Amino acid sequence: MLDDIDRRLLRQFQADPGQPIGALAEAARVPLATAYKRLEKLQNTGVLRGQHAVIDWHALGYGVDVSLRITLDKTNPRAFDDFLAAARDVSEVIEIQTFLGRVDARLRVIARDLSEYQQIYRDRILTLPHIADIEALLQVATIKNSASLPI
Amino acid sequence: MTVALDATDRAILRLLIRDATLKASEVGRQVGLSQPATWRRIQRLTEAGVIAGRRLDLDAAKLGFGVTVFLGVKLAAKSRVSLVDFERAIAAIPEVQTVEHILGLYDYRLRVTARDLADFERVLRRRIMTLPSVGSVEANVLLSEEQRPGPL
């Protein structure tokens, strides 16, 4: 189980994942050797699974960011598997989530502009298998985005 | 301003999306560049804002957060003037991880993390539904989630 030292380290690490381990140890008020040991243990136990670079798609000219909420045809037992496998092949799909609730899945799709989006939507999204219904939500602004857990 | 990428930049980004802790020498080895040349490219991509930072991939369940729920919130009609107040209040709740203003069925989409469903209900009832501007709420419990590398 996690103790207070682990929590302090993870809290500081989440707040600034790019910082060197020395700064992290200092911010968490933990000796450097302890910080090394604890982070290694968190990795070995699978709590800390990895670190990923975050891409700003806007900087690369992708100005359109759409959430598609999808209801699947659940009469087909393979609906989820087929749909997810096909959605993974669409490179403009940058996030895939599945839910228990009113919708079954959500795809986050990016495009350079609305005409490119329309083309992706028609040629790549509507052709995905077992879709019963799609709703599109256009993201206007992000007010808070802390991937952080309240550890 | 849009940043143009060549094939090597794309290859570097693909590697760093998978593992941001890779050293420039290792990235360089995989894309066929020297360590300094790779380092300069990563530096350029970071300064241009293409690499916006790093994300830790933590196993939320192992940390005791077993439930993630997406809430679609529609504001009560009368309170549409006080968007800023709503945004400030909702963003201050630690269990609320993301707040997005959207166009469509709802006004806002919230990502809420909790220890379990009972804990989620507590956050929903005591922290979110008590905000005066909240009208209707739709909840979807997250079952699985994957980040894809994107069009690189």
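Residues numbered from 1 in each chain as written. Chains lettered and ligands numbered in written order. Predicted model: local features only at pLDDT ≥ 70, side-chain atom pairs only at ≥ 80, totals over all residues. Heavy atoms only, no water.

Here 8 strands make up a closed barrel; going around it, the order is β2(A)-β4(A)-β3(A)-β5(B)-β2(B)-β4(B)-β3(B)-β5(A) and the pairing antiparallel. Going across the sheet, the axis of each strand differs from the next one's by a mean of 35 degrees, ignoring polarity. Helix α4 (residues 83-91) of chain B contacts β5 (131-145) of chain A together with β2 (67-75), β3 (96-103), β4 (108-114) and β5 (134-147) of chain B of the sheet and is inclined by roughly 155 degrees relative to β3 of chain B. (Pairing = 2+ DSSP bridges. Helix = DSSP H or I, 4+ residues; strand = E, 2+ residues; numbered from the N terminus. Axes fitted to C-alpha atoms, helices over the stretch in contact; angles between N-to-C directions. Contact = heavy atoms within 4.5 Å.)

Turning next to the nonpolar core. Residues Trp 57 and Leu 60 of chain A together with Leu 13 and Val 50 of chain B are the most contacted members of the largest nonpolar core, which totals 23 residues. Secondary structure elements with two or more residues in this core: β1 (48-55) of chain A together with α1 (7-18), α2 (24-31) and α3 (35-47) of chain B. Top element by residues in this core is α1 of chain B. It accounts for 5 residues. Here Val 50 of chain B is in contact with Val 54, Ile 55, Asp 56, Ala 59 and Leu 60 of chain A together with Val 3, Leu 13 and Leu 45 of chain B, once residues within four sequence places are set aside. In terms of nonpolar packing, the next biggest core, distinct from the first, is built from 21 residues, Ile 70, Phe 83, Leu 107 and Ile 120 of chain A among them. (Core = buried A, V, L, I, M, F, W, Y, C linked by side-chain atoms within 4.5 Å. Buried < 20%, exposed > 50% of the residue type's maximum accessible area, 1.4 Å probe, protein only.)

With that out of the way, let us pick up the pattern of salt bridges. Within the structure shown, the criterion is met by 29 salt bridges over all chains. Across the pair Arg 108 of chain A and Glu 95 of chain A runs a salt bridge, and its minimum N-O distance is 3.1 Å. Taken together, the positions of Arg 108 of chain A in strand β4 (residues 105-111) and Glu 95 of chain A in strand β3 (residues 93-101) put the pair 13 residues apart, joining distant regions of the chain. Across this residue pair, the class does not change: Arg 108 of chain A and Glu 95 of chain A are buried. The salt bridge partner of Arg 109 of chain B is Glu 100 of chain B, with a shortest N-O separation of 2.7 Å. Using a relative accessible area of 6% as the deciding quantity, one classes Arg 109 of chain B as buried. We classify Glu 100 of chain B as buried; its relative accessible area is 10%. (Salt bridge = Lys/Arg side-chain N within 4 Å of Asp/Glu carboxyl O.)

What follows is about the packing of helix α1 (residues 4-15) of chain A against helix α3 (residues 32-44) of chain A. All names here are of chain A. One can describe the packing of α1 onto α3 by two numbers: an axis separation of 10 Å at closest approach and a directional angle of 85 degrees. Here α3 runs roughly perpendicular to α1, going by the angle between their axes. Two secondary-structure elements touch here, α1 through Ile 5, Asp 6, Leu 9, Leu 10 and Phe 13 and α3 through Thr 34, Ala 35, Arg 38, Leu 39 and Leu 42. For the contact of α1 with α3, the class distribution of residues is 7 nonpolar, 1 polar and 2 charged. (Parallel < 35°, antiparallel > 145°, perpendicular 65-115°, else oblique. Nonpolar A, V, L, I, M, F, W, Y, C, P; charged D, E, K, R; others polar.)

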